[in-house]
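Now for the letters of each chain:
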Amino acid sequence: GKTDHLTFAGLSGSFKDSTLRVDSLRLAPRGGDEGFMKDRKYRGSRLQLGADRLSAEGLDWGSVTRGTDLSVRRIVLDGFELDLLLDKRLPSRPGPKKARPYPQQRIAALRGPLAIDSVILHRSRVQYAERAPTADKAGRLRFENIEAAVTNLTNDPARQTERPARRAAHPG
């Protein structure tokens, strides 16, 4: 959104090795939850994303720098965090609700080709929080220490398979 703030502590890459590394990557509203709620008239969902480290291997730097497509062999997200908050203290937006596209619809709608062989998540966390209109604080549902792999992430119909492989694990 217009008030989101992207930060990172370190950035390095190699054209020769086709790699990229980003440390302490965060995308969050400026001013935290208070900044998100400031000047809002209607309720909304606040999304925060982050990773302790993002590593990309087999990155096609030529295509990325030309802006023609994104082709990567492997992305590893260490300490990935997705945090979603729905604050219901404000009224809903009047009028009919618009259907939001699913993630696979967003990927299919990208302008340029996307081809990522695998996305690996280590030590990841997902949190959903909801604050009722009369609650002092939000209730939270949190999943910790997620290990997951997503394979063949693409918007190219020729690379898509009828039954793509999916795997997720939660250790012990």
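Quick caveat: nothing in here was measured; it's all calculated off a predicted structure. (Residues numbered from 1 in each chain as written. Predicted model: local features only at pLDDT ≥ 70, side-chain atom pairs only at ≥ 80, totals over all residues. Heavy atoms only, no water.)

When helices and strands are tallied, the protein chain shows three helices and nine strands. Listing each helix as α and each strand as β along the protein chain from the N terminus yields β-β-β-α-β-α-β-β-α-β-β-β. Summarising its shape, the C-alpha atoms of the protein chain cover approximately 55 × 35 × 35 Å along the three principal directions. Counting all 172 residues of the protein chain, 28% fall into the buried class. A separation threshold of at least 6 residues defines the contact pool for the protein chain, and within that pool the share at least 24 residues apart is 64%. When the accessible surface of the protein chain is summed, it comes to about 12000 Å², and 54% of that surface belongs to carbon and sulfur atoms. Charged side chains in the protein chain number 32 positive and 21 negative. The centres of these two groups are separated by 5 Å. (Helix = DSSP H or I, 4+ residues; strand = E, 2+ residues; numbered from the N terminus. Buried < 20%, exposed > 50% of the residue type's maximum accessible area, 1.4 Å probe, protein only. Contact = heavy atoms within 4.5 Å. Areas by Shrake-Rupley, 256 points an atom, 1.4 Å probe, with all protein chains shown as cover. Lys, Arg positive; Asp, Glu negative; His and termini not counted. Charge placed at Lys NZ, Arg CZ, Asp CG, Glu CD.)

A grouping of Arg40, Lys41, Arg93 and Lys98 is seen on the molecular surface, where their side chains present a positively charged patch. By the element assignment, lysine 41 lies in the loop between α1 (32-37) and β4 (44-57). (Patch = residues over 30% accessible without salt bridge, like charges linked within 9 Å, V, L, I, M, F, W, Y side chains within 5 Å. Salt bridge = Lys/Arg side-chain N within 4 Å of Asp/Glu carboxyl O.)

Taken as a whole, this structure holds one aromatic pair when the rule is applied. Pairing phenylalanine 15 with tryptophan 61 gives two aromatic rings, centres 5.0 Å apart and planes at 70 degrees, and the pair type is edge-to-face. In this pair, phenylalanine 15 sits in the loop between β2 (10-14) and β3 (19-29) while tryptophan 61 sits in helix α2 (residues 61-66), placing the two residues 46 residues apart along the sequence. Look at tryptophan 61 and you get buried, because its relative accessible area is 17%. (Phe/Tyr/Trp six-rings, centres within 6.5 Å; stacked < 30°, edge-to-face > 60°.)

Our next topic: the nonpolar core. Judged by nonpolar contacts, the single largest core of 17 residues is most densely connected at Leu54, Val72, Ile75, Leu77, Ile116, Val119 and Leu121. Broken down by secondary-structure element, the contributors of at least two residues to this core are β4, β5 (70-78), β7 (114-131) and β8 (139-154). No other element matches the four residues that β7 contributes to this core. Contacts of leucine 121, omitting those with residues within four sequence positions, involve Leu77, Phe80, Ile146, Glu147 and Ala148. (Core = buried A, V, L, I, M, F, W, Y, C linked by side-chain atoms within 4.5 Å.)

Turning our attention to the environment of glycine 62. Position of glycine 62 among the secondary structure elements: in helix α2. Residue class for glycine 62 comes out partly exposed when judged on its relative accessible area of 26%. Separated by 47 residues in sequence, glycine 62 and phenylalanine 15 place their C-alpha atoms 8.7 Å apart.

Its location among the elements puts arginine 125 in strand β7. On the basis of relative accessible area, arginine 125 is assigned to the buried category, the value being 16%. Looking at arginine 125, its side chain comes within polar contact range of the side chain of glutamate 81, at 3.1 Å. If we skip the residues at most four places from it in the chain, arginine 125 touches Gly79, Phe80, Glu81, Leu82, Arg142, Phe143, Glu144 and Ile146. (Polar contact = N/O pair within 3.5 Å; in protein donor to acceptor, adjacent residues only side chain to side chain.)

Moving on to unusual backbone geometry. One non-glycine residue, serine 18, lies in the positive phi region at around 60 degrees. You can call serine 18 partly exposed: its relative accessible area is 23%. Of note, serine 24 is a non-glycine position whose phi angle comes to about 50 degrees, a positive value. As for its position among the elements, serine 24 is in strand β3.

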